Amino acid sequence: MSKRLFIVLVILMSLSLIGIIFVQGYWIASAVEEKQESFSLNANQILKSVSERVTEYEDRRYYLRFQNLIDSVGDPQDSQVLNVFQITSRNEKSNETSIYTRGIIEEDYNIFPTFIDSTSEDDSTSIKSYKSVETRVIYREDLLDNSDLKLSPIQKVKKVNSVSKMMSQYKEIIDKLAENAPIDERVTVSSLAFLIQLYLDELNLDLDFEYGVYDDGLATKIKSDRFKITNDGMYDVPLFENSNGESGYTLFVSFPKLNKYVLSSIMGMAIMSIVFTLIIIIAYSSALYQLIKQKQISEIKTDFINNMTHEFKTPIATINLALDAVRNPKVIDDKEKVKRYLRMIREENKRMHAQVENVLQISKLEKNQLDISKEEVDIHDLIEDALSHIELIVEDRNGYMKTHLKAEDTMVMANDTHFTNVLVNVLDNAIKYTEGEPKVDIYTEIVKNNIQIKIKDQGQGMSKSVQKRIFEKFYREHTGDIHNVKGHGLGLAYVKRIVDDHGGQISVESEKGKGSTFIIKLPLIS
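As a starting point, this report considers the structure included with it. In this text, all values refer to a predicted model and were calculated from it rather than measured experimentally. (Residues numbered from 1 in each chain as written. Predicted model: local features only at pLDDT ≥ 70, side-chain atom pairs only at ≥ 80, totals over all residues. Heavy atoms only, no water.)

Overview of the overall build of the chain
Quick reminder of the rule: Here a strand is any run of E in DSSP of at least two residues, a helix any run of H or I of at least four, and the numbering for each starts at the N terminus. Two residues form a contact once any of their heavy atoms are found within 4.5 Å. Shrake-Rupley sampling with a 1.4 Å probe provides the accessible areas, and residues are treated as covered by the protein chains on show and by no other component.
Counting its regular elements, the chain contains twelve helices and 15 strands. Intrachain contacts of the chain at a sequence separation of at least 6 include 70% that bridge at least 24 residues. Accessible area of the chain: about 32800 Å², with a carbon and sulfur share of 52%.

Structural data, given as structure tokens:
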């Protein structure tokens, strides 16, 4: 896969994922807004119903007072019939005439005003009562022919009182009387709480509420204990509107846990949506990570193959030249030259064998197939042994290696062969990554129950990003020409695996252009 195609695919997948997250977020926000609007409609309807019911209770209460007063006064002072309506029909077969009559009777009552309003100064108050009267009478024709003209009704007279009509007649009086009454006489805290809860239950809304009645913006006694005016979750409706739609009282109701209620109503779907979105994000991130990792591994393996090819190419070329030289008739009789060329062939062959062995050891380490036996060894002896392997190379480049071995307790459990290889690899890197004369210092000291080995060079150093990956298998820092320093990116990976197998730790401190310090810690024998 080309780099450009890989980038395009990553961008498209990222945009798709961002789109999914945006759609999910928009859906959740829309669902919350829809629930809030639905609740607002229900809340306004509840408050309107409460207001109507409170007004209806007051009207009925005053109507009952008027009716009780009328009943206590007795007979009306005056009475007249209004709006008489009559229908007459005749049945020829039965010789009967049916007369249906309906009308309204107006009755005047004079009562003391103190029964209604203690503040009134009038001597009496006239209250009119309206009653609907309905009769039906059937006459026989043969009775009409008699001289006494007796008329016998065959159905009783039925009297019907219309409460709604009575109340409509009293409405204006009720409004005037109620305006002068204090609010705590017109409505009670318990009745308001009961009505609000009643209508909430009808809509299956299990929600706490606080309420209060205000008179032209001023608080009244009619309120719940924890009620206060807020900007959020507050609904209001006028109370005791008159015939002109005017009112001085306002009922406020708040729902302190409204947001929690709205969120809880969509919480199930929201959680599922978030969980699935997170799964998609994790899957996408994992897939993207694996793609990038595989791409990096592919590049590293390509570099490794190139480096290995280069590493084998030189000894193979040397061996071929040595063989050609040995076959030369002028050289074959010269035993010293033949021995020299044979020695070169053997050394180059050993070099290739060592590289192959290093790769095999790393493979065995990864599969946990490498048998590493440990015994008590002196770490200082291992350091001296490692120095002997590379001192000729250092001297050839006019450099030095100084030891500062100050640790008093130096006995550890280690495999002398593998741990010597660890030290040789680190020292070899210190030499290879120094452009001029290699200058390396080796320190040992006791840190708690560990012996700490520091190998400090004055080479080219490395960046922070390189330090994070330097112990990865096949990784090598790119410096333009990948072959400017020989190697195949396995040395430090091998080092870390061996140190880890010994229960130790390895780290690096470095600064670009100022050298590097490798720090190895191994547990001492208790």
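Thoughts on the nonpolar core
Stated precisely, the cut-off is as follows: We call a set of buried Ala, Val, Leu, Ile, Met, Phe, Trp, Tyr and Cys residues a nonpolar core when their side-chain atoms join them within 4.5 Å. Burial classes: relative accessible area under 20% of the type maximum marks a residue as buried, over 50% as exposed, and values in between as partly exposed (1.4 Å probe, protein chains only).
One finds Met401, Phe419, Leu427, Ile442 and Phe518 to be the most contacted residues of the largest nonpolar core, which totals 41 residues. Of all the secondary-structure elements, those providing two or more residues to this core are α9 (379-396), β11 (411-414), α10 (416-432), β12 (439-447), β13 (450-457), α12 (491-501), β14 (505-510) and β15 (516-523). The greatest single-element share of this core, amounting to eight residues, is contributed by α10. When neighbours within four sequence positions are excluded, Ile442 is seen to be in contact with Ile383, Leu387, Met401, Lys402, Thr403, His404, Leu405, Leu427, Ile453, Lys454 and Ile455. Residues Ile196, Val237, Leu258 and Val262 belong to the second largest nonpolar core, which totals 32 residues.

Some words on the pattern of salt bridges
Inclusion rule: Here, a salt bridge means any side-chain nitrogen of Lys or Arg that lies within 4 Å of a carboxyl oxygen of Asp or Glu.
All chains considered together, the criterion is met by seven salt bridges. Arg327 is the partner of Asp324 in a salt bridge, and the nearest nitrogen-oxygen pair spans 2.6 Å. Of the two residues, Asp324 and Arg327 both sit in helix α6 (residues 258-327), three residues apart, roughly one turn of that helix. Owing to a relative accessible area of 41%, Asp324 belongs among the partly exposed residues under this scheme. For Arg327, a relative accessible area of 60% corresponds to the exposed category.

Notes on the environment of Glu34
Along the chain, Glu34 falls in helix α1 (residues 3-73). For the pair Glu34 and Val262, spaced 228 residues apart in sequence, the C-alpha separation works out to 9.4 Å.

So, unusual backbone geometry
If a residue is not glycine, its phi is most likely negative; likewise, a peptide bond is most likely trans. The phi dihedral of Asn398 falls on the positive side, at around 60°, and the residue is not glycine. Structurally, the position occupied by Asn398 is in the loop between α9 and β10 (400-405). In this structure, Lys448 is a non-glycine residue whose phi angle is positive, near 55°. Within the element layout of this structure, Lys448 appears in the loop between β12 and β13. For Lys448, a relative accessible area of 77% translates into the label exposed.

What about the pairing of β12?
For clarity, the threshold we go by: Here a strand pair is declared whenever DSSP counts at least two bridges between the two strands.
Direction of pairing for β10 relative to β12: parallel, over a ladder of six bridges. Across the sheet, the residue bridging to His404 is Tyr443, located in β12. Taken together, the eight bridges between β12 and β13 define a ladder with antiparallel strand orientation. Its bridge partner lying in β13, Val440 is registered against Asp457. The turn linking β12 back onto β13 is made up of two residues, and Lys448 within it adopts a positive phi angle of 55°.

A few points about the sheet that holds β13
What counts is decided by this rule: Throughout, an axis means a line fitted to C-alpha atoms (over the contacting stretch in the case of helices), and angles, computed between N-to-C directions, take values from 0 to 180 degrees.
Spatial ordering of the open sheet is given by β10-β12-β13-β15-β14, a layout of five strands whose pairing is mixed. Edge positions in the sheet fall to β10 and β14, since each has one partner strand and no second. Going across the sheet, the axis of each strand differs from the next one's by a mean of 15°, ignoring polarity.

Quick notes on the packing of α9 against α10
To keep things clear, this is the line we draw: Any angle that is under 35 degrees is reported as roughly parallel, and any over 145 degrees as roughly antiparallel; angles of 65 to 115 degrees are reported as roughly perpendicular and all others as oblique. For any helix crossing, the convention is left-handed if the near helix is rotated counterclockwise from the far helix by under a right angle, and right-handed if that rotation is clockwise. Polar here means any residue outside two lists: the nonpolar Ala, Val, Leu, Ile, Met, Phe, Trp, Tyr, Cys and Pro, and the charged Asp, Glu, Lys and Arg; Gly therefore counts as polar.
Here α9 crosses α10 at 40°, and the two axes come no closer than 9 Å. When the axis of α9 is compared with that of α10, the two are oblique. Seen from above, α9 lies across α10 with right-handed handedness. Together, Ile379, Leu382, Ile383, Asp385, Ala386, Leu387, His389, Ile390, Ile393 and Val394 of α9 and Asp416, Phe419, Thr420, Leu423, Val424, Leu427 and Ile431 of α10 make up the contact between the two elements. When grouped by side-chain class, the residues that make up the contact of α9 with α10 number 13 nonpolar, two polar and two charged.

Some thoughts on a nonpolar patch on the surface
Operational definition: Here the term patch refers to residues with relative accessible area over 30% and no salt bridge, with like charges joined within 9 Å and nonpolar side chains (Val, Leu, Ile, Met, Phe, Trp, Tyr) within 5 Å.
Together, Trp27, Leu263, Met267, Met269, Ile271, Met272, Val275, Phe276 and Ile279 make up an exposed nonpolar region whose accessible area comes to about 840 Å². Here the nonpolar patch takes eight residues from α6, the largest share from any one element. Mapping Ile271 onto the fold places it in helix α6.

Concerning the pairing of β11
The two faces of β11 differ: Val412 and Ala414 on one face are buried, but Met411 and Met413 on the other face are not. When strand β9 (residues 375-378) meets β11, the two strands line up antiparallel, connected through four bridges. Among the inter-strand pairings, Glu376 is bridged to a residue of β11, identified as Met413.

Here's the deal with a negative patch on the surface
Using the following cut-off: Under the counting rule used here, the positive set is Lys and Arg, the negative set is Asp and Glu, and His together with the chain ends is not counted. A charged residue contributes its charge at one atom only: NZ of Lys, CZ of Arg, CG of Asp or CD of Glu.
A cluster of acidic residues, Glu375, Glu376, Asp381, Glu384, Asp385 and Asp416, forms a negative patch on the protein surface. Looking at the negative patch, the elements with two or more residues in it are β9 and α9. Tracing the sequence through the fold places Glu384 in helix α9.

So, to be careful, I would describe these as geometric facts and stop short of saying anything about function.
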